[in-house]
Amino acid sequence: MSAKVGVDLIKLDQPIAFDPADQAKIRDMLARYPADQRESAIMPALWLAQERFGFISQDAVDLVARSLDVDSSVVAGVATFYTMYHLEPVGRHVIEVCTNVSCALLGAQQTLEAFERECGCHAGETSGDGEFTLKAVECYGGCGWGPVVAIDGRYREPVRAADVSAIVQEVRMGVRENPG
Ligand code: FES
């Protein structure tokens, strides 16, 4: 059953499904938790769905709910609470800039504006060439080393406005940072 959680999740035109390898991963996720705590597997299962389908649609929420045998409304609640889940299609690279207090004091706004100039889109948007989605997000827990930026899920800090042009060029060229 589909859920309504105050956010209108995108409905796809065609059905989606996990392949056998992903279904095995879901079983492994469930095996980590007691049988009466299946909801604990929602976050990794949503992450898997996002990797597979690019973003979390209503169909992805329903698929995860069916796969875990949990209520769709619970899955939707998790998906819409955490900013790491994309609720609409994103660019090839997702750049997230923490703009919470500590990072703000360390220059996050200037860093964000530099990314906006270099990527050609504002925070919350995807660039016209589909290369970048830029987001302003809340605290990553790296407050002493800000401004903290996550690029395709990998953290970098500190990222000053002066660093941004070179970083965007690296990302365009496919240079990967070590996982943070
Ligand atoms: S305020 Fe940016 S990581 Fe905490």
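Everything quoted here is computed from the prediction, not taken from an experiment.

A. Just the overall build of the protein chain, in detail. Counting its regular elements, the protein chain contains 7 helices and 5 strands. Relative to the 2.2 N^0.38 estimate, which gives 16 Å for 180 residues, the radius of gyration of the protein chain is 18 Å and therefore close to what a compact globule would have. Each of the three principal axes of the protein chain carries a C-alpha extent, and together these read 50 × 35 × 30 Å. Residue burial in the protein chain is summarised as follows: out of 180 residues, 32% are buried.

B. Looking closely at helix H1 (residues 20-31). Along its 12 residues, H1 runs 16 Å from first to last C-alpha, staying within 8% of the 16 Å computed at 1.5 Å per residue. Of all 12 residues making up H1, only 1 are buried, and the element is barely covered by its neighbours.

C. The arrangement of helix H2 (residues 42-53) in detail. Across its 12 residues, H2 extends 16 Å between first and last C-alpha, which sits within 8% of the 16 Å expected from 1.5 Å per residue. In this structure, the buried residues of H2 make contact with H1, helix H3 (58-68) and helix H4 (72-81). Where H2 terminates, the next one or two residues include Gly 54, which has phi positive at roughly 90°.

D. Fine view of the nonpolar core. Within the largest apolar cluster, 23 residues are counted, with the highest numbers of intra-cluster contacts made by Ile 95, Val 97, Phe 115, Cys 119 and Val 149. Counting only elements with at least two residues in this core, the list comes to strand S1 (93-98), helix H6 (108-119), strand S3 (132-137), strand S4 (149-151) and helix H7 (164-173). It is H6 that provides the largest number of residues to this core, a total of 5 residues. With 19 residues, the next largest nonpolar core counts Ile 42, Ala 45, Ile 56 and Val 61 among its residues.

E. Focus on the environment of Tyr 82. Mapped onto the elements of the fold, Tyr 82 is located in the loop between H4 and S1. Spatially, the C-alpha atom of Tyr 82 lies 21 Å from that of Gln 109, the residues being 27 residues apart in sequence.

F. How the structure looks around the pairing of S3. Relative to S3, S1 is paired through 6 bridges, and the arrangement is parallel. Looking at the pairing, Val 97 lines up with Ala 136 of S3. Relative to S3, strand S2 (residues 125-126) is paired through 2 bridges, and the arrangement is antiparallel. Each residue of the ladder has a partner; that of Glu 125, found in S3, is Leu 134. Counting the residues between successive antiparallel strands, the hairpin from S2 to S3 contains 5 residues, one of them, Gly 130, with a positive phi of roughly 75°.

Parameters at a glance
Residues numbered from 1 in each chain as written. Predicted model: local features only at pLDDT ≥ 70, side-chain atom pairs only at ≥ 80, totals over all residues. Helix = DSSP H or I, 4+ residues; strand = E, 2+ residues; numbered from the N terminus. Rg over C-alpha atoms; globule rule 2.2 N^0.38 Å. Buried ≥ 20, exposed ≤ 12 C-beta atoms within 10 Å, placed from the backbone. Expected span 1.5 Å × (residues − 1). Contact = placed C-beta atoms within 7 Å. Core = buried A, V, L, I, M, F, W, Y, C linked by C-beta atoms within 7 Å. Pairing = 2+ DSSP bridges.

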